[in-house]
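The lines below spell out each chain.
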Amino acid sequence: MGEVLASLVESENLSKLIYYNTQSALHEAPLSNPYDLIHAKVFPYTYVPPTDDSANVYLTVSFRQFKRVNDKFKIGYLYVNILCHKSLVSIYDGSRIFSLMNEVENVLNGKRIAIGKLLFDYGDELTINDNYTGYFLRYEVCDLN
């Protein structure tokens, strides 16, 4: 999981879209330490921000839908949830959510991780609460070790 989280926050555009709550997020300075986003705004588990949370952007990453292969449990899918406060969706370059989706796709699709290769499988809109909206992206873990 650490390998996936590191790859995500190492993406300059992705880290800027998560960190900066401005419409000009993509035009801001690169983060000096994007790893600080891990466990602050990028989580290795499902996280739902409280309704009274200040406006933020979050990514959550989780392995789900375990499968049994040759009497061992294997991971079937990697889910990436993109959660965005409704007040932050609009950026100068269009939609923060769609920009985040594009950056996640650029980082993860076809990426080989320790347990296999990630291939985009499916995505859809998420309903979180009155203040947050988002999408999830599901990647199939292929060629499981």
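Scroll up a little and you will see the structure.
Predicted, not measured: the structure shown is a model, and the values here were computed from it.

**Considering the sheet that holds strand β1 (residues 42-43)**
- On the basis of which strands lie adjacent, the open sheet formed by six strands has the order β1-β2-β5-β10-β9-β8 and mixed pairing. Here the strands that pair on one side only, and so sit at the sheet edges, are β1 and β8 (112-113).
- As paired strands, strand β2 (residues 57-64) and strand β5 (residues 77-85) are joined by eight bridges and run antiparallel to one another. Within the sheet, the bridge partner assigned to Val61 lies in β5 and is Val80.

**Quick word on the pattern of salt bridges**
- All chains considered together, the criterion is met by two salt bridges.
- In this structure, Lys16 engages Glu12 in a salt bridge whose closest nitrogen and oxygen atoms are separated by 3.5 Å. Separated by four residues within a single helix, Lys16 and Glu12 lie in helix α2 (residues 12-19), roughly one turn from each other.
- Looking at Lys16, the relative accessible area reads 5%, which means it is buried.
- Note on Glu12: relative accessible area 43%, which makes it partly exposed.
- A salt bridge links Arg138 to Asp121; the shortest N-O distance between them is 2.3 Å. Of the two residues, Arg138 sits in strand β10 (residues 132-142) while Asp121 sits in strand β9 (residues 116-127), which places them 17 residues apart along the sequence.
- The partly exposed category is assigned to Asp121, whose relative accessible area is 31%.

**Here's the deal with the packing of helix α1 (residues 2-10) against helix α3 (residues 96-108)**
- Two elements in contact, α1 and α3, have axes whose closest approach is 10 Å; the angle formed by their N-to-C orientations is 125 degrees. Taken together, the axis directions place α1 and α3 in an arrangement best described as oblique. Seen along the crossing, α1 lies across α3 with a hand that is right-handed. Contact residues: α1 offers Val4, Ser7 and Leu8, while α3 offers Val104, Val107 and Leu108.

**Focus on the nonpolar core**
- Counting residues in each nonpolar core, the largest one holds 34 residues, and the members touching the most others are Leu59, Leu78, Val80, Val104 and Leu108.
- Elements with a minimum of two residues in this core: α1, α2, β2, β5, α3 and β10.
- Of the residues forming this core, the biggest block, five residues, is contributed by α3.
- Excluding residues that lie within four positions of it along the chain, Val104 makes contacts with Leu8, Leu14, Leu59, Val80, Ile82, Asn109, Leu137 and Tyr139.

Conventions used here
- Residue numbers run consecutively from 1 along every chain, following the written order of its sequence.
- pLDDT decides what is reported in this predicted model: residues at 70 or higher carry local features, side-chain atom pairs at 80 or more are listed and counted, and totals for whole chains, interfaces and linings draw on all residues regardless.
- The basis for every side-chain value is the complete set of non-hydrogen atoms in the structure, without hydrogens or water.
- Strands are labelled as partners when DSSP assigns at least two bridges between them.
- Helix and strand definitions here come from DSSP, where helices need a minimum of 4 consecutive H or I residues and strands a minimum of 2 consecutive E residues; each element is numbered from the N-terminal end.
- A pair is scored as a salt bridge if a Lys or Arg side-chain nitrogen falls within 4 Å of a carboxyl oxygen belonging to Asp or Glu.
- Only protein chains enter the calculation, and the probe is 1.4 Å; a residue is then buried if its accessible area is under 20% of its type maximum, exposed if over 50%, and partly exposed in between.
- Fitted lines through C-alpha atoms serve as axes, helices being fitted only where they are in contact, and the angles separating the N-to-C directions of these axes extend from 0 to 180 degrees.
- Oblique is the label for any angle not covered by the other classes, which are roughly parallel (under 35 degrees), roughly antiparallel (over 145) and roughly perpendicular (65 to 115).
- Here a crossing is called left-handed whenever its near helix is offset anticlockwise from the far helix by less than a right angle, and right-handed whenever the offset is clockwise.
- Contacts are residue-level and defined by heavy atoms, with any inter-residue pair within 4.5 Å sufficient.
- For our purposes a nonpolar core is just a set of buried Ala, Val, Leu, Ile, Met, Phe, Trp, Tyr and Cys residues, chained together by side-chain atoms within 4.5 Å.

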